[in-house]
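Architecture and fold: a report
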Amino acid sequence: MKYEDVINQTITYIEEHLHELLTMEDIADWAGFSKYHFHRIFQTTVGMTITEYIRMRRLANASVDLLYTDERILDIALYYHFESQEAFSRVFKKAYHLPPGKYRKLMSDVLKNKEESYMDNQVKGWFLSGSDPFNYEMGMDREVVHCGKSSGYLKAKTVIDSSNFATMMQQFKADKFIGKRMRLSCFLKTKDIDTFSGMWMRVDNAFDDVLQFDNMSNRPIKGTTQWNRYTIVLDVPSESSVISFGVILTGQGIIWADQFRFEEVDKNVATTNLEIQTELLDEPVNLSFEEEIS
């Protein structure tokens, strides 16, 4: 976890300079590392090289421009620092399985004909819960994308009280992960969050007792932020039964999520567990309230 902060700062730097010339040397120098050392750190943490990450983010932005602007393909290619339209088309086709021109025509038609299908709150594998889920909306967004063709979002609709909250979440059996230390990571982007937002993960036993939990309450995401990577690390004890996770939004605003990743990590990776594990004493103590804490 010791490199998480510098990686997050680097991703923010990349987001702010996607339209500029970015080299591995410049980024490593900005982060204060040698090129080769920082290459290893970034790839180990994010799961791809810096070059791959920058290309992926530029392609995602270019795919949005193809669908929601009338800019020429050549201009889009040059804006995102591809050396030519041909080079852009080659890389785009490899990632999206269609050349840019055909992607623009085909996907634009799909959006026009099935626009309502992306606003009906149905997202495969995910469900909406929380204290006031009826005041919120979840769905898929093709205009705000981190990677690929779409992202998931959770948005306040008729929220009045800042205590209202909702979560877009999943649950699955813990069986395959018993005894392991697991890291959940994803990319999040926010807009106008007035109270609190973040990612969360919980491990329960068969009696619904919470064994491990983290909702980022000690590192909340507020306001408007660009895409960045966030992580939670929890143990899955032997008595675990269910693992739940998702994104949470309290009050007003909107949060987008993309590229969730669930992986085992070494025990030397610190957990982010917020549940205080107390030791059960053999007998009661300090019954007269006279003893001081030493």
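Our subject is the structure listed above.
Notes on the structure follow. (Residues numbered from 1 in each chain as written. Predicted model: local features only at pLDDT ≥ 70, side-chain atom pairs only at ≥ 80, totals over all residues. Heavy atoms only, no water.)

1. Quick word on the overall build of the chain
A count of helices and strands for the chain gives seven helices and nine strands. When the backbone C-alpha atoms are referred to their principal axes, the chain occupies close to 80 × 50 × 35 Å. Contacts spanning at least 24 positions in sequence make up 73% of the contacts within the chain whose residues lie at least 6 apart. Accessible surface for the chain amounts to roughly 16,200 Å². Of this, 50% is attributable to carbon and sulfur atoms. Both charge centroids of the chain, one from 33 positive and one from 44 negative side chains, sit 12 Å from each other. (Helix = DSSP H or I, 4+ residues; strand = E, 2+ residues; numbered from the N terminus. Contact = heavy atoms within 4.5 Å. Areas by Shrake-Rupley, 256 points an atom, 1.4 Å probe, with all protein chains shown as cover. Lys, Arg positive; Asp, Glu negative; His and termini not counted. Charge placed at Lys NZ, Arg CZ, Asp CG, Glu CD.)

2. Remarks on the layout of surface pockets
Empty pockets left among the atoms are what a rolling probe the size of a water molecule brings to light. Approximately 310 Å³ is the volume attributed to the second largest pocket. L22, T51, I54, R58 and H81 are the residues nearest the centre of the second largest pocket, which is lined by 15 residues in total. Put simply, the parts of the chain that give the lining of the second largest pocket at least two residues each are α2 (24–31) and α4 (50–68). When the residues that make up the lining of the second largest pocket are grouped by side-chain class, the tally is nine nonpolar, three polar and three charged. (1 Å grid on protein atoms, 1.4 Å probe; cavity = no way out; pocket = protein on both sides within 12 Å on 5 of 7 lines; lining within 4 Å. Points joined across faces, edges and corners; volume = space filled by probe spheres on them. Nonpolar A, V, L, I, M, F, W, Y, C, P; charged D, E, K, R; others polar.)

3. Regarding the environment of P133
Position of P133 among the secondary structure elements: in the loop between β1 (127–130) and β2 (136–141). Each C-alpha atom, one on P133 and one on E290, is 48 Å from the other, the two residues being 157 residues apart in sequence. With residues up to four places along the chain from it excluded, the contact list for P133 reads L128 and A166.

4. Focus: the packing of aromatic side chains
Aromatic rings in a pair are described by how distant their centres are and how their planes are angled relative to each other. Applying the stated rule across the entire model yields 19 aromatic pairs. With a centroid separation of 5.5 Å and 75° between ring planes, the pair formed by W126 and F245 is classed as edge-to-face. Of the two residues, W126 is situated in the loop between α7 (100–113) and β1 and F245 in strand β8 (residues 240–250); the sequence distance between them amounts to 119 residues. F245 matches W126 in its accessibility class, with the two residues each being buried. (Phe/Tyr/Trp six-rings, centres within 6.5 Å; stacked < 30°, edge-to-face > 60°. Buried < 20%, exposed > 50% of the residue type's maximum accessible area, 1.4 Å probe, protein only.)

5. A word on the nonpolar core
Ranked by internal contacts, the top residues of the largest apolar core, which has 31 residues, are L154, L188, M199 and M201. Secondary structure elements with two or more residues in this core: β2, β3 (151–156), β4 (165–173), β5 (181–205), β7 (221–235), β8 and β9 (254–265). Per element, the largest residue contribution to this core is eight residues, and it comes from β5. Grouped together as the second largest cluster of nonpolar side chains are 26 residues, A28, F42, Y53 and I54 included. (Core = buried A, V, L, I, M, F, W, Y, C linked by side-chain atoms within 4.5 Å.)

6. Observations concerning helix α1 (residues 4–16)
Because an α-helix completes one turn every 3.6 residues, residues spaced three or four positions apart along the sequence face the same direction. Look at α1: 19 Å from first C-alpha to last across 13 residues, which is about the 18 Å you get at 1.5 Å a residue. Regarding α1, the residues found buried are E4, V6, I7, N8, T10, I11, Y13, I14 and E15. Considering only its buried residues, α1 is in contact with α2, α3 (35–46), α4, β5 and β7. (Expected span 1.5 Å × (residues − 1).)

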